[in-house]
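Summary of the model geometry
For reference, the chains in residue letters:
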Amino acid sequence: QVQLVESGGGLVQPGGSLRLSCAVSGSIFGPTTMGWYRQAPGKQRELVATFTSGGSTNYADSVKGRFTISRDNAKNTVYLQMNSLKPEDTAVYYCQVRRVISGYAYWGQGTQVTVSS
């Protein structure tokens, strides 16, 4: 059984930093993408940053230069370093692993990030 568990969210002041972690357990065979999405109140879930199956990265324009996605394959963990946080970054952040061939996606439970003074 595949499980994704996020951690690292919290309350931070504008301009501050947070690092999110997503630990993946269970076996997923075949090529996958892995990344982070977020959903703010009243808005649709949106892509924040992902690794493609080839290992390259994609970022939403709104976070380029501020957020960095990374991973530790030995720990089956993906990270999201968030710097220069803004109030508009406030959202529930979700980790996702998606099978490339079938399109099936596994999601974590989400972690709340609140940017406020």
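Structure: see above.
Residues numbered from 1 in each chain as written. Predicted model: local features only at pLDDT ≥ 70, side-chain atom pairs only at ≥ 80, totals over all residues. Heavy atoms only, no water.

Examining the pairing of strand β8 (residues 77-82)
For β8, the buried fraction is high: five of the six residues fall into the buried class. Bridge count for strand β3 (residues 18-25) against β8 is six bridges, and the pairing is antiparallel. Bridge pairing in β8 links R19 to Q81. As paired elements, strand β7 (residues 67-72) and β8 share six bridges and run antiparallel to each other. Paired with R71 across the strands is V78, a residue of β8. The hairpin turn running from β7 into β8, its antiparallel successor, is four residues long, and N76 in that turn takes a positive phi close to 50°. (Buried < 20%, exposed > 50% of the residue type's maximum accessible area, 1.4 Å probe, protein only. Helix = DSSP H or I, 4+ residues; strand = E, 2+ residues; numbered from the N terminus. Pairing = 2+ DSSP bridges.)

Thoughts on the state of the cysteines
Joining two cysteines, a disulfide is a covalent bond between their sulfur atoms. All told, the structure shown has one disulfide when counted by the stated rule. Here C22 connects covalently by a disulfide to C95, the sulfurs 2.1 Å from one another. Classification of the bridge connecting C22 and C95 rests on its S-S torsion, roughly -85°, and on that basis the disulfide is left-handed. Taken together, the residues span a long stretch of sequence, with C22 in strand β3 and C95 in strand β9 (residues 91-99) at a distance of 73 residues. With a relative accessible area of 0%, C22 lands in the buried category. (Disulfide = S-S within 2.5 Å.)

Looking at the pairing of strand β4 (residues 32-39)
With six of its eight residues buried, β4 lies for the most part within the structure. Where β4 meets β9, eight bridges bridge the pair, whose relative direction is antiparallel. The residue bridging T32 from the neighbouring strand is R99, located in β9. Alignment of β4 against strand β5 (residues 46-51), held across five bridges, turns out to be antiparallel. Within the sheet, the bridge partner assigned to G35 lies in β5 and is T50. Hairpin connection, β4 to β5: the antiparallel pair is bridged by six residues, and G42 has positive phi, about 75°.

Concerning the pattern of salt bridges
When their charged atoms lie close together, side chains carrying opposite charge are able to pair. Enumeration over the complete set of coordinates arrives at four salt bridges. Note that E46 and R38 form a salt bridge whose closest N and O atoms lie 2.7 Å from each other. The exposure class of E46 is partly exposed, given its relative accessible area of 36%. One salt bridge in this structure joins D89 and R38, with 3.0 Å as the shortest N-O distance. Of this pair, D89 sits in the loop between β8 and β9 while R38 sits in strand β4, and the two are 51 residues apart along the sequence. D89 sits in the buried class, given a relative accessible area of 1%. Sharing partners across several salt bridges, the network here consists of R38, E46, R66 and D89. (Salt bridge = Lys/Arg side-chain N within 4 Å of Asp/Glu carboxyl O.)

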